Amino acid sequence: MKIHEYLARNLFAEFGIPIAEGDAAQTSDEALFIAHKIGFPVVIKAQVLAGGRGKAGGIKIAGNEKQLVYEFNRIKNLNIKGYCAQRLLIVKAIDIKKEYYLAVTIDNIKGDAVIIASAEGGVEIEETAKAHPDKIIKFYMQGDKILDEARWGPVAVRLFNDARLQQSATSILKNLLKLFFEKDCSLAEINPFVVNKDGNLVAADAKVVFDDNALYRHPELIALRDLKYEDADELEAKDEGLSFVKLEGNVGCIVNGAGLAMGTMDTVNLLGGRPANFLDVGGSSNPQKVLNAVKILLRNKDIKVILINIFGGITRCDDIANGILTALKQIDIPIPLVIRLTGTNEKEAKALLTQAGLTIYTSMRQAVTQAVKISKD
Amino acid sequence: MSILIDQNTRVIVQGITGRDGSFHAKQMADYGTKIVGGVTPGKGGQEINGIPVLNSVKEAKDKTSCDAAVIYVPAKFAKDAILEDIANAIPLIVCITEGIPVLDMVEVKKALSHSQSRLVGPNCPGLISPGKAKIGIMPGHIHKSGDIGVVSRSGTLTYEVVYNLTINNMGQSTCIGLGGDPIIGTRFVDVLKLFQEDPQTKAIVMVGEIGGGDEQLAAECIKKHVTKPVAAFIAGRSAPSGKRMGHAGAIISSGESTADAKMQILRDAGVIIVDFPDEIPQALTARLKLRG
């Protein structure tokens, strides 16, 4: 789960990581109020959950009231990767002496938490990592959640020459690690991590991502989720125990299992069609899920055919067949269904559906070929 | 020979009194797997389908001499279940449970690194040596005993691949589902080495997918260690590019993880890449003939 910068900043403050003074504003009046409190010049930052805000024009500096109101209104109406910011963060402009990078994340392959730091922070950090891997410091926690400073202290020493900055960075890193482990983060990132003209360290940006699987341990974090960034259909699907992602095409797909769902989309594509969605009904056999899946798909008016591809394992094909029959009875399905069922209880399923006059495919390729053909008629 | 499990493997089922645990314990036993006991704390002394329920892994190990454990407990309790197996030096742990927090898996990984246990999963379908034993949730009847080793990150897509092998009369030595979580116990590289050493396995099928860096590591491993033919299908070519997570992910992986990039890297390592899962049997047959 991603959260906005202004909320991540609150967490930073709570954990003792220094941030620039400021607050989030929904109106230009609020923005002016904040700016007067902290003093000009201020930086205005669009609060959208997308990278590249600065490059999209979503971050600007304002030296006076007039500039602030002008930029506030401009940025508020800016479309950044499909989203308009509901809030803008107004922070005191920092006089930056140098930009660093500091983050804690998980290295999946090593199965370990890792500190990543660089003396060359800023928006070009990924290019730096590629071109000069030697400029990136990585420190693995080796499964350790105990914040033993003696172990990871050298990270700060390698990052800074000045003893005072080393000390300050060590304490900030300790707090970042604390935040990372206490809140079950998958990422806690400060970029840029800056030294200002007074020689103090400040987090000039705050990025925190939480592990969805661990949210049950942190009910307080649920309130930080911004539902505007989640497609209404995708959210509803989630509530129904379905995993759904909308795409651009016209072949609706209902599949069991994420891998097979992707494989089905790929096959639709390679055979000349365009998948309308990714939809995984999961491992359960509940016929209601099929009904809900059909309902969600039918909301997309572009869809010309529904392709159901089920490989029964835990999922029993006859349960899926009953779900299809229920859907046919309860809702008006104005487009053709192409059904492929194989695996557990496939015979029973075929009997049920053949009686109802439906054609059942055993081969995935044949079913996809048929669905693609219909989508082009 | 097969890898990791066979007809002699003695399996305990953790979470055997739950809905999934009891159902699959029976399915596995019906397939021929030696299910020697179940573990549910506080419910020891019962029997489920004739399988004795014990209170702890330690008790189960003492009484049944089990050498494998399969876990069906809810995500909240899965870490402790795995750690209990590791503490009791169970050689093979298969975790079916999905939704385990990542930091729980970091703890598990640390414990595994100092242990004699191997973990398969979590969030996986398990593994099967056809005709001998299955530990997991896959439908046994689509498999057939033979000489193809199958290793996959997926569940139902693996069934699709196995089904196509079986209807083309290409049986399998062992099929193993590694699991879809970010942190897993056993990876492609581990299984590739086991298949390379297994005399029964003549060829290997890999089913990968978009994301992560495992297929890239597999390609390196194949170049160095694998002389048997390998065919691969990579799912997710048509998936929209993933939602990014700050810069740290990109710095860590420092490589492309799209399906197309993975296919190219594997192709460069000599792997046969197919576009459709049903092309694997023909592609492998052709390569095996070529080798004589």
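Quick caveat, the model's predicted, so the values are computed rather than measured.

Q: Sorry, what's going on with the side chain of Ser-375 of chain A here?
A: Residue and element names in this part refer to chain A. Looking at where Ser-375 falls in the secondary structure, it is placed in helix α14 (residues 364-376). A relative accessible area of 5% places Ser-375 in the buried class. Residues within four places of Ser-375 in sequence aside, it is in contact with Asn-250, Val-251, Lys-304 and Val-305.

Q: Even after reading the chapter, I still don't get helix α9 (residues 259-268) of chain B, so can you show me in this structure?
A: Structurally, the α-helix is built with 3.6 residues per turn, so residues lying three or four positions apart point the same way. Residues and elements named next belong to chain B. For α9, the full list of buried residues reads Ala-259, Ala-261, Lys-262, Met-263 and Leu-266. In this fold, the buried residues of α9 make contact with β12 (203-209), α7 (214-225), β13 (230-235) and β14 (272-273). One or two positions beyond α9, positive phi appears at Gly-270, with a value near 90°.

Q: Honestly, helix α11 (residues 287-298) of chain A in this entry has me stumped. Any pointers?
A: All names here are of chain A. If you check α11, its first and last C-alpha atoms are 17 Å apart, about what 12 residues at 1.5 Å a residue would give, namely 16 Å. The buried count for α11 comes to 9 of 12 residues, which makes it a mostly enclosed element. Within the sequence span of α11, burial applies to Lys-289, Val-290, Leu-291, Asn-292, Ala-293, Val-294, Ile-296, Leu-297 and Leu-298. Buried residues along α11 sit in contact with α9 (232-239), β11 (243-246), β12 (251-255), β13 (277-280), β14 (305-312) and α12 (317-330).

Q: Sorry, what's going on with the interface of chain B and chain A here?
A: Reports often express the size of an interface as the amount of accessible area lost when the parts come together. Taken together, the contacts link 52 residues of chain B with 64 residues of chain A. Between chain B and chain A lies a buried interface of about 4600 Å² when both sides are counted; carbon and sulfur atoms form 65% of it. The interface formed by chain B and chain A includes 4 salt bridges. Taken together, the connections running from chain B to chain A amount to 9 residue pairs in polar contact (both at pLDDT 80 or more). Those elements giving two or more residues to the side of chain B that touches chain A turn out to be α4 (102-113), α5 (156-167), α7, β13 and α8 (248-253) of chain B. Element by element, the count of residues in the side of chain B that touches chain A is highest for α4 of chain B, at 7 residues.

Q: Where do I start with the domain arrangement of chain A in this structure?
A: Splitting chain A by domain gives domain 1 (1-20 + 96-229), domain 2 (21-93) and domain 3 (231-376). Domain 1 of chain A and domain 3 of chain A are separated by 43 Å when their C-alpha centres are compared.

Q: I tried to follow the sheet that holds β12 of chain B on my own but got confused; where do I start?
A: Two modes of strand pairing occur in sheets, parallel and antiparallel, and in both the strands are linked by backbone hydrogen bonds. Residues and elements named next belong to chain B. Read from one edge to the other, the open sheet built from 7 strands follows the order β9-β8-β11-β10-β12-β13-β14, with strand pairing classed as mixed. Either end of the sheet is taken by a strand with one partner, and the two such strands are β9 (133-136) and β14. Pairing between β12 and β13: 6 bridges, direction parallel. Opposite Met-206, over in β13, you have Ala-232 as the bridge partner. Docked against the sheet, α5 engages β10 (145-152), β11 (172-177), β12 and β13, running at close to 155° with respect to β10.

Q: What exactly am I supposed to notice about the pattern of salt bridges here?
A: Side chains that differ in sign of charge can pair as their charged atoms come close. Summed over the entire model, instances satisfying the criterion amount to 24 salt bridges over all chains. Among the salt bridges present, the one from Arg-316 of chain A reaches Asp-319 of chain A, with a minimum N-O distance of 3.8 Å. Residues Asp-214 of chain B and Arg-187 of chain B are paired through a salt bridge, measuring 3.0 Å at the closest nitrogen-oxygen approach. Of the two residues, Asp-214 of chain B sits in helix α7 while Arg-187 of chain B sits in the loop between β11 and α6 (188-197), which places them 27 residues apart along the sequence. Note on Asp-214 of chain B: relative accessible area 6%, which makes it buried.

Q: Where do I start with the domain arrangement of chain B in this structure?
A: All names here are of chain B. Taken domain by domain, chain B holds domain 1 (10-120) and domain 2 (126-291). On a C-alpha basis, the centroid separation for the pair domain 1 and domain 2 is 26 Å. The interface of domain 1 with domain 2 comprises 21 residues on the first partner and 23 residues on the second. A combined buried area of about 1700 Å² lies between domain 1 and domain 2, and 66% of that area is made up of carbon and sulfur atoms. When the buried surface of domain 1 facing domain 2 is broken down by residue, Tyr-31, Arg-118 and Val-120 rank first, second and third, together holding 34% of it. Applying the counting rule to domain 1 against domain 2 returns 0 salt bridges. Between the two partners, domain 1 and domain 2, sit 6 residue pairs in polar contact (both at pLDDT 80 or more). Those elements that place two or more of their residues in the side of domain 1 that touches domain 2 are α1 (19-31), β5 (68-71), β6 (92-95), α4 and β7 (118-120).

Q: It is not clear to me how the packing of helix α3 (residues 75-87) of chain B against α4 of chain B should be interpreted in this structure. Could you clarify?
A: Helices that pack against each other are described as a pair by the angle of their axes relative to one another and the distance between those axes. Residues and elements named next belong to chain B. Closest axis-to-axis distance for the α3/α4 pair is 10 Å, and the angle between their directions is 5°. One element, α3, and the other, α4, form an angle in the roughly parallel class. Contact residues: α3 offers Lys-79, Ile-82, Leu-83 and Ile-86, while α4 offers Asp-104, Met-105, Glu-107, Val-108, Ala-111 and Leu-112. Residues that form the contact of α3 with α4 fall into these classes: 7 nonpolar, no polar and 3 charged.

Q: Looking at this structure, how should I read the packing of aromatic side chains?
A: Where two aromatic rings form a pair, the distance of their centres and the angle of their planes describe that pair. All chains considered together, the criterion is met by 5 aromatic pairs over all chains. For the pair Phe-180 of chain A and Phe-181 of chain A, a centre-to-centre distance of 5.3 Å together with 90° between the ring planes defines the contact as edge-to-face. Taken individually, Phe-180 of chain A and Phe-181 of chain A each receive the classification buried, so the pair is uniform in this respect. Centroid distance Phe-311 of chain A to Tyr-163 of chain B: 5.5 Å. Interplanar angle 80°. Geometry classified as edge-to-face. Within this pair, whereas Phe-311 of chain A is found in strand β14, its partner Tyr-163 of chain B is found in helix α5, the two belonging to separate chains. Considered together, Phe-311 of chain A and Tyr-163 of chain B belong to a single accessibility category, that of buried residues. Three or more aromatic residues joined by ring pairs form one cluster here, namely Tyr-100, Phe-160 and Phe-193 of chain A. One Lys or Arg, Lys-98 of chain A, reaches over the ring of Tyr-100 of chain A and ends 5.2 Å from the middle of that ring. Seen from the ring of Phe-276 of chain B, Arg-365 of chain A lies directly overhead, with NZ or CZ sitting 4.2 Å from the centre.

Q: Looking at this model, I keep getting lost on unusual backbone geometry. Mind explaining?
A: Trans is the prevailing form of peptide bonds, just as negative phi is the prevailing case for residues other than glycine. Look at the link from Phe-40 of chain A to Pro-41 of chain A: it is a cis peptide, with omega at -5°. Take Pro-41 of chain A: it is sitting in the loop between α2 (28-38) and β2 (42-46). Cis geometry marks the peptide bond from Gly-121 of chain B to Pro-122 of chain B; its omega dihedral reads 10°. Topologically, Pro-122 of chain B is positioned in the loop between β7 and β8 (126-129). Phi at Asn-345 of chain A takes a positive value of approximately 60°, unusual for a residue other than glycine.

Definitions and cut-offs
- Note that residues are indexed from 1 along each chain, following the sequence as it is written.
- Following the order in which they are written, the chains are lettered starting with A and the ligands numbered starting with 1.
- Local features in this predicted model are restricted to residues whose pLDDT is 70 or higher, and side-chain atom pairs enter the listing and the counts only when it is 80 or higher, whereas totals over whole chains, interfaces and linings include all residues.
- Excluded from the side-chain calculations are hydrogens and water; all other atoms, namely the structure's heavy atoms, are used.
- Numbering of helices and strands runs from the N terminus; a helix is a DSSP stretch of H or I covering at least four residues, while a strand is a stretch of E covering at least two.
- Categorising residues by exposure relies on relative accessible area from a 1.4 Å probe, with only protein chains included: less than 20% of the type maximum marks a residue as buried, more than 50% marks it as exposed, and the intermediate range marks it as partly exposed.
- Any two residues whose heavy atoms approach within 4.5 Å at even a single point are treated as in contact.
- Each residue after the first adds 1.5 Å to the expected span of a helix.
- Two parts placed together each lose some accessible area under a 1.4 Å probe, and adding up what both lose gives the buried area.
- Within this document, salt bridges are pairs made up of a side-chain nitrogen of Lys or Arg and a carboxyl oxygen of Asp or Glu, the two lying within 4 Å of each other.
- Under the rule applied, a polar contact is a pair of N or O atoms within 3.5 Å (in protein, one hydrogen donor and one hydrogen acceptor; residues adjacent in sequence only if both atoms are side-chain atoms).
- Domain delimitation follows an automatic or database domain assignment.
- DSSP bridges decide pairing: two strands pair if at least two such bridges lie between them.
- Between N-to-C directions, angles span 0 to 180 degrees; the directions come from axes that are lines fitted to C-alpha atoms, helices contributing only their stretch in contact.
- For classification purposes, angles smaller than 35 degrees are called roughly parallel, those larger than 145 roughly antiparallel, those between 65 and 115 roughly perpendicular, and all remaining angles oblique.
- Only Asp, Glu, Lys and Arg are considered charged in this grouping, and only Ala, Val, Leu, Ile, Met, Phe, Trp, Tyr, Cys and Pro are considered nonpolar; every other residue, Gly among them, is considered polar.
- Here the aromatic set is Phe, Tyr and Trp, taking the six-membered ring for Trp, and pairing holds for ring centres within 6.5 Å; pairs whose planes are under 30 degrees apart are stacked, those over 60 apart are edge-to-face, and all others are tilted.
- Any Lys NZ or Arg CZ that is within 6 Å of a ring centre and within 35 degrees of that ring's normal is treated as a charge sitting over the ring.

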